[in-house]
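What follows is the residue order along each chain.
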Amino acid sequence: MVWNDCLRDRKEAHEAGLPYVTSGELSRLRITQAKRTGERAWLADVSAVVLQQSLRDLDTAYKNFFDSITGKRQGRKVGPPRYKSKKDARQSIRLNTDAFSLQDDGTVYVAKVGSLKVRWSRRLPAAPTSLTVTKDSCGRYFLSFVVDTEPDILPEAEAEAGIDLGLSAFAVLSDGRKIDSPRFLRRAEKKLRRLQRELSRKAKGSKNRAKARIKVARQHAKVADRRRDFHHKASTQIIRDSQAVYVEDLAVSGLGRTRLAKSVYDAGWSAFVRILEYKAVKHGRTFAKVDRAFPPSQVCSACGFRDGPKPLHIREWTCGECGTVHDRDHNAARNVLFEGRRIVAAGRAETQNACGAPVRPGRKSRHSAVKQEAPGRVGRDPGRNPWTSQAREHVKVPASHSLGHGRRSP
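Predicted model, so just to flag it, every value in this text is computed and none were measured.

Visitor: Explain the pairing of strand β7 (residues 160–165) here, please?
Guide: Side chains on a regular strand alternate between the two faces of the sheet. Of all six residues making up β7, six are buried, and the element is well covered by its neighbours. Note: β7 against strand β10 (residues 244–248), four bridges, orientation parallel. Looking across to β10, one finds that A161 is bridged to V245. If you look at the hairpin formed by β7 and strand β8 (residues 169–173), you'll find three residues sitting between the two strands.

Printed below as a string of structure tokens:
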């Protein structure tokens, strides 16, 4: 309610050509004075910290929007804040240390609520600085604590890993290991279809429809939980075994508009890459993304010859230059490894060409591949592909290059 009231005031002021309404004025009008009115008197039943945090979240949303349209914020464009609904799938409140405390008996005291019995998933490594209480679509409550921690550096490993993400196999590593795709959503589709069919037959607004909706939400939550658990276990194993991890930067949003959309989102590549990245920082590993313009499936990892694009149904192919028979995914993973090493050795975060722009390789057939030595490169073998020519040296980067002095983690 506070979020919507404050957002409405700012939108109306903008439409009327009035100055931007400050947070102090909104706090006085929509929190302090609103509690004294009959229609908003129930706001006094909630901790004032929660109401103030909601206003701070609105300020953050506006700042992200303004920074996005002015170019200060990198990445995707951020839209303006929107109204919230009590029917949203996710409900949450945030509290600082003034509004919660940890009790000796394992409960958590929340202001104006009382002591909450908690089923702890892990022991907190330090005293928390803030708490977020979240309710998901199927009625489960979660407590997320923010604590200050230091990186947990793992012993140095000798191996490095290039990862090729796919659908037939979830991931293929450059050393030949394959991680099978669990296909959690596909395996749950039969039960989901039945539950959604039952939901569609219930009268809108009825209690039976509400019960059926919760059943569908619980089944979707099980699928998401299993996928998240799989991502964490697979990423932890890779980070423990490898000193450096390189992965291709896939255009998941573009693939989500193709006929493979359901399988792509069922795999959860973006979430897996994000988990890999933060675990690499946490444990002192090197992590790099290979630009999506780099063609790992078109280049021979043995001689560097580019053999042209290939349809998805071709899983094995023979290099027209050296005659090596390649498994498509394993070859791509090896090329990602070589390109990742080159990026780290060059001190760059993405694949670039000689002019400093991201690589956009043109379509070249097997007969028109580059044969002459590229200018400005000394000691390169003729016929070596420009994207893999410098990737034959094993480069080790000190772990300190990829670490900060500390991190804040939930």
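There's more to say after this.
Visitor: What is the right way to look at the sheet that holds β10 in this model?
Guide: Strands belonging to one sheet form pairs held by backbone hydrogen bonds; the direction of such a pair is parallel or antiparallel. Within the open sheet, the five strands sit side by side as β9-β8-β7-β10-β11. Their pairing is mixed. Looking at strand neighbours, the two that pair on one side only are β9 (178–180) and β11 (286–290), the edges of this open sheet. For this sheet, the mean inter-axis angle between neighbouring strands, taken without regard to orientation, is 20°. Sheet topology places β8 next to β9; three bridges connect them, and they run antiparallel. In the strand pairing of β9, V172 is matched with K178. Here helix α5 (residues 207–241) sits on the sheet and contacts β7, β8, β9 and β10; the angle it forms with β9, its principal contact strand, is near 170°. Its contacts with the sheet put helix α8 (residues 269–282) on β7, β8, β10 and β11, and the angle it makes with β11 is roughly 145°.

Conventions and cut-offs
Residues numbered from 1 in each chain as written. Predicted model: local features only at pLDDT ≥ 70, side-chain atom pairs only at ≥ 80, totals over all residues. Heavy atoms only, no water. Buried < 20%, exposed > 50% of the residue type's maximum accessible area, 1.4 Å probe, protein only. Helix = DSSP H or I, 4+ residues; strand = E, 2+ residues; numbered from the N terminus. Pairing = 2+ DSSP bridges. Axes fitted to C-alpha atoms, helices over the stretch in contact; angles between N-to-C directions. Contact = heavy atoms within 4.5 Å.

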